[in-house]
Amino acid sequence: MTIKDKVVIVTGASSGIGEATVRKLAQEGARLVIGARSEDKLEDLAQQLIPAEIVTRVTDVRVRKDVEALAALALSQFGRIDVIFNNAGIMPVSRLDEFKTNEWNDMVDTNIKGVLNGIASVLPTMEKQRSGQIITTDSVAGHIVHEGTAVYAGTKFAVQAIMDGLRQEEAAFNIQTTMISPGVVNTNLYQTISDDKTRQATQKSEAKGIPAEDVADAVAYAIDSPAGTSINEILMRPTWQVM
């Protein structure tokens, strides 16, 4: 299988891992349908990548109708959906005794419900096609919990369960499932942290992290896998990261 001409939906496409993945897949000749909450960033990215085939739509993954509309756009423009990359996510980490319940709710709505919305938006089409691939950004935090990461890690552990259940349920439809689980990545994810001290420490750590382009390469590797092989997870860390 090749990436060229595959129809790929990417959420959280305007920055970080999402943006790097859009650039990588555009270079490889994919036909891209990209969504994020920032219209200006989406349009700017699409303009930078001309003549790649890219259509954009403002998308909040917390809103199921938004994600359904993104999938509908893929079908109307390209007639099929080969891949969805559920990449949108936030990481406002904090201790439980800080009681940042609004941030907890935002993480659950984005990191868990956003993934479920992405799955629900493409599954009927992929089952009808009897082919497709659902890729989701998980995390090393889906394997290991640290102090201050209980809720964030909880959302990522949930993604592990959802994706493995999906793998089992959709095997008969030849639908591939993949989790991309990076450790520390050099992105702007630290900006979602509200505590100044924690945000600054995370920013310093992320500056030493894996380049987003390396994670994009992992996504491309998974997409380029043979149709009969499912690369269920790619777990990757910067070499210095112990846990």
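Preceding block: the structure.
Rules of the game
Residues numbered from 1 in each chain as written. Predicted model: local features only at pLDDT ≥ 70, side-chain atom pairs only at ≥ 80, totals over all residues. Heavy atoms only, no water. Helix = DSSP H or I, 4+ residues; strand = E, 2+ residues; numbered from the N terminus. Expected span 1.5 Å × (residues − 1). Buried < 20%, exposed > 50% of the residue type's maximum accessible area, 1.4 Å probe, protein only. Contact = heavy atoms within 4.5 Å. Patch = residues over 30% accessible without salt bridge, like charges linked within 9 Å, V, L, I, M, F, W, Y side chains within 5 Å. Areas by Shrake-Rupley, 256 points an atom, 1.4 Å probe, with all protein chains shown as cover. Salt bridge = Lys/Arg side-chain N within 4 Å of Asp/Glu carboxyl O. Lys, Arg positive; Asp, Glu negative; His and termini not counted. Charge placed at Lys NZ, Arg CZ, Asp CG, Glu CD. Pairing = 2+ DSSP bridges. Right-handed = clockwise from strand over helix to strand, strands pointing away. Polar contact = N/O pair within 3.5 Å; in protein donor to acceptor, adjacent residues only side chain to side chain. Axes fitted to C-alpha atoms, helices over the stretch in contact; angles between N-to-C directions.

Draft legend 1. Main features of helix α5 (residues 150-170). For α5, with 21 residues, the first-to-last C-alpha span of 30 Å sits near the 30 Å given by 1.5 Å per residue. Turning to α5, its buried residues number three or more, namely Val 151, Tyr 152, Ala 153, Thr 155, Lys 156, Val 159, Gln 160, Met 163, Leu 166 and Glu 170. Buried residues along α5 sit against α4 (101-129), β5 (132-137), β6 (175-182) and β9 (233-236).

Draft legend 2. Representation of unusual backbone geometry within the structure. With an omega of 15°, the peptide bond running from Ile 50 to Pro 51 counts as cis. Considering the arrangement of structural elements, one finds Pro 51 in the loop between α2 (39-48) and β3 (54-58). Phi is positive for Asp 5, close to 75°, though the residue is something other than glycine. Take Asp 5: it is sitting in the segment before β1 (7-11). With phi around 60°, Arg 130 is a residue other than glycine that occupies positive phi space. Considering the arrangement of structural elements, one finds Arg 130 in the loop between α4 and β5.

Draft legend 3. Local environment of a negative patch on the surface. Judged by side-chain charge, Glu 39, Asp 40, Glu 43 and Asp 44 come together as a negatively charged surface patch. Topologically, Asp 44 is positioned in helix α2. On the basis of relative accessible area, Asp 44 is assigned to the partly exposed category, the value being 44%.

Draft legend 4. Region of interest: the pairing of strand β4 (residues 83-86). Both faces of β4 are covered, namely the face carrying Val 83 and Phe 85 and the face carrying Ile 84 and Asn 86. When β1 meets β4, the two strands line up parallel, connected through 3 bridges. Within the sheet, the bridge partner assigned to Ile 9 lies in β4 and is Ile 84. Pairing of β4 with β5 involves 4 bridges; the strand directions are parallel. Across the sheet, Asn 86 pairs through a bridge with Thr 136, a residue of β5. Each parallel crossover has a hand, and the one from β4 via α4 to β5 is right-handed.

Draft legend 5. View of the side chain of Thr 137. Residue position: Thr 137 is located in strand β5. Overall, Thr 137 belongs to the buried group, its relative accessible area being 10%. Of the polar contacts made by the side chain of Thr 137, one reaches the side chain of Asn 87; its length is 2.8 Å. Excluding residues within four positions of it along the chain, Thr 137 makes contact with Phe 85, Asn 86, Asn 87, Lys 156 and Ile 180.

Draft legend 6. Representation of the sheet that holds β1 in the model. Spatially, the 7 strands line up as an open sheet ordered β3-β2-β1-β4-β5-β6-β9, and their pairing is parallel. Two strands in the sheet have a free side with no partner beyond their single neighbour: β3 and β9. Ignoring which end each strand starts from, the neighbouring axes of this sheet average 15° apart. Here helix α1 (residues 16-27) sits on the sheet and contacts β1, β2 (31-36), β3, β4 and β6; the angle it forms with β2, its principal contact strand, is near 165°. Those strands touched by helix α7 (residues 212-223) are β4, β5, β6 and β9, and its axis lies near 160° from that of β9.

Draft legend 7. Main features of the pattern of salt bridges. Within the structure shown, the criterion is met by 13 salt bridges. Here Asp 106 makes a salt bridge to Arg 62, at a shortest N to O gap of 3.8 Å. Within this pair, whereas Asp 106 is found in helix α4, its partner Arg 62 is found in the loop between β3 and α3 (64-78), the two being separated by 44 residues in sequence. The salt bridge involving Arg 199 is made with Asp 196; its shortest N-O contact spans 2.4 Å.

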